[in-house]
Amino acid sequence: MSSAAEEKAVGFARREAGRGLDFSRPILIAVTALLVVMIVLPMGWLIAYSLSDKQGTATLGNFVTLFTDPSFVDPLITTLIIAVSVSAICCIVAAPLGWLVARTDMPLRRIVRTLVMASLVTPPFVGAIAWEMLAAPNSGLLNQLWRSLTGMPSDEALLDIYSLTGLIFVIACYTFPYVFILVANALDRMPGELEDASSMLGAKTWQTARRITVPLALPTLLAGALVAFLQALNLFGSPAILAIPAGFHTLTTRIWSLFQFPPKPELAAAASLPLLLLTILLLRGQALALGRRGYAVLGGKYGEPRLVRLGAWRLPAAALALLVLAMPLFLPYAALFNSAFSRVASRLVTLDTITLHNVRFTFLELSSTMPALKNTFLLATLSATLGAVLALLIAYIVARRAVPGHRVLAFLATAPLAIPGIVLGVGLFLAYTRPPLTLYGTLWILLIAFITIELPAAYQQLSSAFHAVHPELEEAGRMLGASRLRTLADITAPLLRSAVIATWCFVFVAVIRELSAAVILFTSETKVLSVLIFDLKESGDVGAIAVLSLTMVAITTIVVAVANRFGGGREAGRLHARTAG
Amino acid sequence: MAAAALLPFSTKVLSAAPPAETITPALIEAARKEGKVSYYTAMDLSVAEPMAKAFEAKFPGIKVAVERTGAERLFNRLAQETASNIKRCDVVNSSDAAHFITWKREGWLQPYVTVDIAENVAPEMRDPDGTFVNQRTHLSAMAYNSSLVKLEDAPKGFNDLLDPKYAGKLVKGHPGYSGTIMTATHQIARALGWGYFEKLAKQKVMQVQSATEPPKKLEAGERAVAVDGSDYLFWMGRERGVPIEVVYPIEGTPLIANPMAVFKAAPNPSAARLLFAWIMSGEGQEFLVNLSGQYPANLKVKAKAGRPPLSSIKTMRDDPVEVEKMADEIKAKYARIFKV
């Protein structure tokens, strides 16, 4: 990793020294080699392993097992049911909510929008643990409340989180924000004139909605449905927390269970391939769906869309939005705070029972806390920094067509999107537990995993930022005799600063909450916060889990806030608006 | 007697154990130079971490890193780390005694005997070649939350749990993660047959992973009855005022030995020996007993007052040799029956 970064730096330095010499090719080769090490090698081993038995002889036996053994077929079916249901629920919730926030005069709509985005900071497995505290059939706080209100007998429950529906609900809670953001942004950009024209031609509000707004938003919603489907398909944390007590596996937890002793990497590799193939197929579908959206924004500038007046429905709408937000945000965090300061998570903490026992245990007794915090920070900072640099480099090369073959880079940088975290974990495990690069057991393997997982998002973010900066500015610099690096430093970099900071934040947050690859790749020396929480879950130490989860979320929130102060997200948005105009 | 079958071989076999050692100033000094020691264990954190802190207080300058996870995951972790040439484990302690047979055969364990072990630990509790010793014994007991189950409704043994009135009320650990449950599953299946588990699986059992979790689920009131779980945690909860009653099943209670060994590849060999020696000393054993009430291996140390003496409990017989042979089969059968 560092060697490639160095090579890149050296390349630039030489270019600076001997202007006129072409160092494009070495840079291209270095970056391509790096991406091969990160992506192609693990995936190659994955396929090779899936086609061999324990002795290494070629066989299709793993796939026969995969599609005939009920212990694989059942999880496969369960996973598909979950993904379809989550996708449907997310659309049903996110579409109206996105519309309310983007196109109506609902009170609190800005706050609702911010809070939905904020709920994404919650790692899904933490959300699942919090929902366990709320809706475990007997000890869940909501069930207890319901029993005390209705007098329902103690062995009946209103909610049972340890069930397929419970799992679907929790996954949907932490997936719908993705769909929401897509829908709300699309509705923001939708030309108001079309709707105005429709009303001017005498259409009623609902007719305009049906004939204009919905058809225009539909491709985005479809894309959102696919994003939700993929999230649910490849999620590991929430199923691991909820499905095992409920007595079933999803494909990701089943893959993980194959690493129990004796580990069966061949089967794990084979079981990973359906996830990989399905993801690739769906991403193609998503590209098609989003591709069609083009016509909605063709034709230059449009006016701000007009807000729909809700009239008497304003307050009910706001109440509904807050109710939706209670699911991923208010209720789970209340449960986590309660559990952090209570001896038993199932009892509401009072002034008499409030205790710092869990805080003391977590920070003074638990010997893994500090090493895990240190590892997590180091990895998040390094991944964010190196990831942003790598993404910036690739985005620049591709956007300015700086070297021949730049398209390969663009492909490799987006390819990891199709690799679920747990599959990448398995692939990296297979590739780097052997010479020449025995990286297993070091932080490097986690660093590779994290950068690889976040590279597509980082690349897309920066590449759109590059497209927003007019090449004329750079060309002017070049014409006045500045080298490419000089131009980059003096002209492009300042314009991109806020986009880079936003990308850095994004990767940082994503790394802190990553579990699915880490759970395959960690060793006792390289434990990160998410894995520590997962280990504590195994022994049921929910008090310590609550303290660690809140710490994790607090850190993430602070980092995002600080980065925003230094000109992150909002400024990036402004920059786009400015440079695109 | 307790852990009678901990040993695969009779003690009459010529011993290859090294001479017994004591904690010498030289050992302490060498350990202090290393400054740290890693302790891999399956024991609940509420006992393991305070024990580590007690050791740190006794020997300032040596930091203990506790690596706790279920014994079966610990076994997997050690196998992966060793295969990848990662040397981190100094002292290992697990609730699946069968693992020590494997590790000894692989040559991963460092023979090390202290005078405390040689003089105060029963021969059947230690390896004749001095590669491992039982650190403490606990039981996989049954228990119920007495605010949810009345005394007259309480189960008395495993077969009682098949009564339809317990459907949806049971919580149970998993042998794929927990050594306690692995050992217990072997003993229960041997005594009652696998058919018992097939019937039990129809009772809508809540499946958790570690044997340390059922006590916590009972305390939270999430389930009324624990099929299994570490007895010392049920007792510790009870002593804290949690309404828990411990049940020793009439069919017999699974007996769990918890051996400990110094790892041959220990990165901190002196600190490893010091921690090992201290845990087996009267002081270390007393600390464990006072805090958790587990049954000490050191005969000089008395069991905790207020807990039933081990001799008063009808226990099942543990058989690590068989568990070692059958572990994969037990995991596979269990996963098929309970679907996870």
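What you are looking at is a predicted structure, and each value in this text was computed from that prediction instead of being measured. Within each chain, residues carry numbers counting from 1 in the order of the written sequence. Working convention: letters from A go to chains and numbers from 1 go to ligands, in the order in which they are written. The model is predicted, so local features are restricted to residues of pLDDT at least 70 and side-chain atom pairs to those at 80 or more, both for listing and for counting; the totals for chains, interfaces and linings are taken over all residues. By convention in this description, side-chain values take in all heavy atoms of the structure and omit both hydrogens and water.

**Q** Help me understand the sheet that holds strand S10 (residues 244-247) of chain B, please; the structure alone is not making it clear to me.
**A** Within a sheet, neighbouring strands are paired by backbone hydrogen bonds and run either parallel or antiparallel to one another. Residue and element names in this part refer to chain B. By this definition, two strands are paired if DSSP reports at least two bridges between them. For helices the rule is a DSSP run of H or I covering at least 4 residues; for strands it is a run of E covering at least 2, with both sets numbered from the N terminus onward. Ordered by their spatial adjacency, five strands build an open sheet running S8-S7-S9-S6-S10, and the pairing between neighbours is mixed. Of all the strands in the sheet, just strand S8 (206-207) and S10 have a single pairing partner and so form its edges. Across two bridges, strand S7 (residues 170-172) lies against strand S9 (residues 225-226) in parallel orientation. Counted as the bridge partner of Leu170 is Val225 from S9.

**Q** What is the right way to look at the layout of surface pockets in this model?
**A** One water molecule sets the probe size; rolling that probe over the atoms shows where empty space is left. Using only the protein atoms, space was sampled on a 1 Å grid; points where a 1.4 Å probe fits but cannot get out form cavities, open sets with protein on both sides within 12 Å along at least five of seven lines form pockets, and lining residues are those with an atom within 4 Å of a point. Grid points are joined across faces, edges and corners, and a volume is the space filled by probe spheres set on the points. Size it by volume and the second largest pocket reaches roughly 970 Å³. Around the second largest pocket sit 44 residues that line it, and Asn138(A), Gly168(B), Lys169(B), Glu222(B) and Arg223(B) are the ones nearest its centre. Residue assignment for the lining of the second largest pocket shows that the elements contributing at least two residues are helix H7 (141-150) and helix H12 (237-246) of chain A together with S8 and helix H8 (213-220) of chain B. Under the grouping applied here, Gly and all other residues not named as nonpolar or charged are polar, the nonpolar ones being Ala, Val, Leu, Ile, Met, Phe, Trp, Tyr, Cys and Pro and the charged ones Asp, Glu, Lys and Arg. Its residues assigned to classes, the lining of the second largest pocket shows 19 nonpolar, 12 polar and 13 charged.

**Q** Whenever I open this one, the pairing of strand S6 (residues 142-145) of chain B confuses me. Can you help?
**A** The side chains of a regular strand alternate between both faces of the sheet. All names here are of chain B. Note on classification: 1.4 Å probe, protein chains only; a residue is buried when its accessible area is under 20% of the maximum for its type, exposed when over 50%, partly exposed between these limits. Residue alternation in S6 divides its side chains into two sets, Met142 and Tyr144 and Ala143 and Asn145, and both sets are buried. Relative to S9, S6 runs antiparallel, the two sharing two bridges. Paired with Ala143 across the two strands is Ala226, which belongs to S9.

**Q** What am I meant to see in the packing of aromatic side chains here?
**A** One pair of aromatic rings is described through two measures. These are the centre distance and the angle between the planes. Classification of ring pairs uses Phe, Tyr and Trp, with its six-membered ring standing for Trp, and accepts pairs whose centres are within 6.5 Å; under 30 degrees between planes counts as stacked, over 60 as edge-to-face, and the remaining range as tilted. For the coordinates displayed, the defined rule picks out 25 aromatic pairs over all chains. Considering the side-chain rings of Trp256(A) and Tyr177(B), the 6.0 Å spacing of their centres and the 25 degrees angle between planes classify their relative orientation as stacked. Placement of Trp256(A) in helix H13 (residues 251-257) and of Tyr177(B) in the loop between S7 and helix H6 (179-192) is noted, with the two residues assigned to different chains. Residue Tyr177(B) is classed as buried on the basis of its relative accessible area of 2%. The interplanar angle of 70 degrees and the centroid separation of 6.4 Å between the aromatic rings of Phe197(B) and Phe338(B) together place this pair among those described as edge-to-face. Here Phe197(B), found in helix H7 (residues 194-200), pairs with Phe338(B), found in helix H12 (residues 320-338); they are 141 residues apart in sequence, far enough to count as distant. The exposure class of Phe197(B) is buried, given its relative accessible area of 1%. Here, a charge over a ring means that NZ of Lys or CZ of Arg falls within 6 Å of the ring centre while also lying within 35 degrees of the ring normal. Between Arg254(A) and the ring centre of Phe72(A), over which it is positioned, the NZ or CZ distance is 4.5 Å. The ring of Trp45(A) has Arg434(A) lying over it, and the distance from NZ or CZ to the ring centre is 3.9 Å.

**Q** Would you take a moment to explain the nonpolar core for this structure?
**A** As a rule of thumb, nonpolar side chains are buried together in soluble globular proteins. The term nonpolar core refers to a set of buried residues drawn from Ala, Val, Leu, Ile, Met, Phe, Trp, Tyr and Cys, joined through side-chain atoms within 4.5 Å. Counting residues in hydrophobic clusters, the biggest one holds 247 residues, and the most contacted among them are Leu35(A) and Ile394(A). It is helix H17 (residues 369-399) of chain A that contributes the most residues to this core, 14 residues altogether. A contact between two residues is defined here by any heavy atoms of the two lying within 4.5 Å. The contacts of Ile394(A), once residues within four sequence positions are left out, are Val31(A), Leu35(A), Leu409(A), Ala413(A), Leu455(A) and Tyr459(A). Ala98(B), Leu200(B), Val247(B) and Phe338(B) belong to the second-largest nonpolar core, a separate cluster that totals 28 residues.

**Q** Hey, could you run me through the domain arrangement of chain B in this one?
**A** Interface size is commonly expressed as the accessible surface area that is lost when the partners come together. Residues and elements named next belong to chain B. By convention here, the domain bounds are inherited from an automatic or database domain assignment. By the assigned domains, chain B splits into domain 1 (25-137 + 257-308) and domain 2 (139-254 + 315-338). Taken residue by residue, the interface counts 26 residues in domain 1 and 26 residues in domain 2. Regarding the contact of domain 1 and domain 2, the summed buried area is about 1,800 Å², with carbon and sulfur atoms giving 55% of it. By definition, the buried area sums, over both parts, the 1.4 Å-probe accessible area that each loses when the two are put together. Together, Asp44, Glu72 and Arg307 form the three largest contributors to the area buried by domain 1 at its contact with domain 2, with a combined 28%. Residues Lys331 and Glu72 are paired through a salt bridge, measuring 3.5 Å at the closest nitrogen-oxygen approach. As used in this structure description, the phrase polar contact means that two N or O atoms lie within 3.5 Å; if the pair is within protein, one of them must be able to donate a hydrogen and the other to accept it, and residues adjacent in sequence are counted only when both atoms belong to side chains. Our count for the domain 1 to domain 2 interface comes out at 11 residue pairs in polar contact (both at pLDDT 80 or more). Looking at the side of domain 1 that touches domain 2, the elements that each hand over two or more residues are helix H2 (45-58), helix H3 (71-83), helix H4 (98-106) and helix H11 (282-292). For the side of domain 1 that touches domain 2, the element with the most residues is H4, which contributes four residues. Across the side of domain 1 that touches domain 2, the residue classes break down as 11 nonpolar, seven polar and eight charged. Salt bridges are defined by distance alone: a side-chain nitrogen of Lys or Arg within 4 Å of a carboxyl oxygen of Asp or Glu.

**Q** What am I meant to see in the interface of chain A and chain B here?
**A** Between chain A and chain B, the contact holds 49 residues from the first and 45 residues from the second. Of the roughly 3,800 Å² buried between chain A and chain B on both sides combined, carbon and sulfur atoms contribute 48%. Our count for the contact surface shared by chain A and chain B stands at nine salt bridges. Two residues, Glu132(A) and Lys217(B), come together in a salt bridge whose shortest N-O distance is 3.7 Å. If you look at where chain A meets chain B, you find 26 residue pairs in polar contact (both at pLDDT 80 or more). Counting residues per element, the ones that place at least two in the side of chain A that touches chain B are H12, helix H16 (357-365) and helix H24 (529-538) of chain A.

**Q** Just to check I follow, could you spell out empty space enclosed by the protein for this structure?
**A** In the structure shown here, the tally under the stated rule is nine cavities of 30 Å³ or more. When its volume is computed, the largest cavity comes out at roughly 210 Å³. What lines the largest cavity is Trp256(A), Phe259(A), Gln260(A), Tyr440(A), Val519(A), Ile520(A), Phe522(A), Arg73(B), Asn76(B), Arg77(B) and Gln80(B). Mapped onto the lining of the largest cavity, the elements with two or more residues apiece are helix H23 (518-521) of chain A together with H3 of chain B. Tallied by class, the residues present in the lining of the largest cavity amount to six nonpolar, three polar and two charged.

**Q** Teacher, can you tell me more about helix H9 (residues 231-239) of chain B here?
**A** For the α-helix, the turn length of 3.6 residues means that residues three or four positions removed from each other point alike. Judged by how many residues are buried, H9(B) sits mostly within the fold: seven of nine residues are covered. The first or second residue beyond H9(B) is Gly241(B), which carries a positive phi of 105 degrees.

**Q** Whenever I open this one, the domain arrangement of chain A confuses me. Can you help?
**A** All names here are of chain A. Domain annotation for chain A reports domain 1 (1-50 + 368-538 + 549-581) and domain 2 (61-333). Contacts between the two partners involve 29 residues from domain 1 and, on the opposite side, 34 residues from domain 2. Of the roughly 2,700 Å² buried between domain 1 and domain 2, counting both surfaces, carbon and sulfur atoms make up 81%. Put simply, domain 1 and domain 2 have one salt bridge between them. Here Glu132 makes a salt bridge to Lys537, at a shortest N to O gap of 3.4 Å. Applying the counting rule to domain 1 against domain 2 returns four residue pairs in polar contact (both at pLDDT 80 or more). Where the side of domain 1 that touches domain 2 is concerned, the elements lending two or more residues are helix H2 (24-50), helix H19 (421-432), H23, H24 and helix H25 (542-565). Counting residues per element, the side of domain 1 that touches domain 2 draws most heavily on H25, at six residues. Partitioned by chemical class, the residues of the side of domain 1 that touches domain 2 number 21 nonpolar, six polar and two charged.

**Q** What exactly am I supposed to notice about a nonpolar patch on the surface here?
**A** A patch consists of residues whose relative accessible area exceeds 30% and which take part in no salt bridge; residues with like charges are grouped when within 9 Å of each other, and nonpolar side chains (Val, Leu, Ile, Met, Phe, Trp, Tyr) when within 5 Å. With residues, only the protein chains shown are counted as cover, and all accessible areas are computed by Shrake-Rupley using a 1.4 Å probe. Taken together, Ile47(A), Leu51(A), Leu60(A) and Val64(A) make up a surface patch of nonpolar side chains, about 360 Å² in accessible area. Structurally, the position occupied by Val64(A) is in helix H3 (residues 61-68).

**Q** Which parts of the structure should I look at to understand H7(A)?
**A** All names here are of chain A. Among the residues making up H7, those that are buried are Leu141, Asn143 and Arg147. Buried residues along H7 cover an arc of 165 degrees about the axis, so they all sit on one side. Considering only its buried residues, H7 is in contact with helix H6 (124-135) and helix H15 (314-340). One or two positions beyond H7, positive phi appears at Gly151, with a value near 75 degrees. When we speak of the arc, we mean the arc of directions from the helix axis to the C-beta atoms.

**Q** What is the right way to look at the side chain of Asp127(B) in this model?
**A** Mapped onto the fold, Asp127(B) is located in the loop between helix H5 (115-120) and strand S5 (133-139). With a relative accessible area of 4%, Asp127(B) lands in the buried category.

**Q** How do you make sense of the pattern of salt bridges when you look at a structure like this?
**A** Summed over all chains, the structure comprises 34 salt bridges over all chains. Residues Lys104(B) and Asp127(B) are paired through a salt bridge, measuring 2.9 Å at the closest nitrogen-oxygen approach. With Lys104(B) in helix H4 and Asp127(B) in the loop between H5 and S5, this residue pair connects regions lying 23 residues apart in the sequence. Look at the salt bridges and you will find they share partners, linking Glu525(A), Lys527(A), Asp535(A), Glu538(A), Glu67(B), Arg68(B), Arg73(B), Arg77(B) and Arg88(B) into a network.

**Q** Just checking my understanding: could you explain the state of the cysteines for this structure?
**A** The term disulfide refers to a covalent linkage connecting the sulfur atoms of a pair of cysteines. Sulfur atoms of two cysteines make up a disulfide when they are within 2.5 Å. The full count for this structure, using the stated rule, is zero disulfides over all chains. Sulfur of Cys91(A): no disulfide; nearest cysteine sulfur belongs to Cys90(A) and is 6.9 Å away.

**Q** I'm lost on the environment of His470(A) in this one. Help?
**A** Relative to the elements of secondary structure, His470(A) occurs in the loop between helix H20 (443-468) and helix H21 (471-479). Separated by 22 residues in the primary sequence, His470(A) and Thr492(A) place their C-alpha atoms 9.3 Å from one another.

**Q** Mind showing me how you'd approach the packing of H21(A) against helix H22 (residues 484-513) of chain A here?
**A** The angle between the axes and the distance between the axes are what describe a pair of packed helices. Residues and elements named next belong to chain A. At their nearest, the axes of H21 and H22 sit 9 Å apart, and the two run at 145 degrees to each other. In this structure, the crossing between H21 and H22 has a hand that is right-handed. On the side of H21, the interface is formed by Leu473, Glu474, Gly477 and Arg478, while H22 contributes Arg484, Thr487, Ile491, Thr492 and Leu495. In the contact of H21 with H22, the residues fall into three nonpolar, three polar and three charged. Lines are fitted to the C-alpha atoms to define the axes, a helix being fitted only along its stretch in contact, and any angle between axes, read from their N-to-C directions, falls within 0 to 180 degrees. The hand of a helix crossing depends on one turn: near helix anticlockwise from the far one by less than a right angle means left-handed, and clockwise means right-handed.

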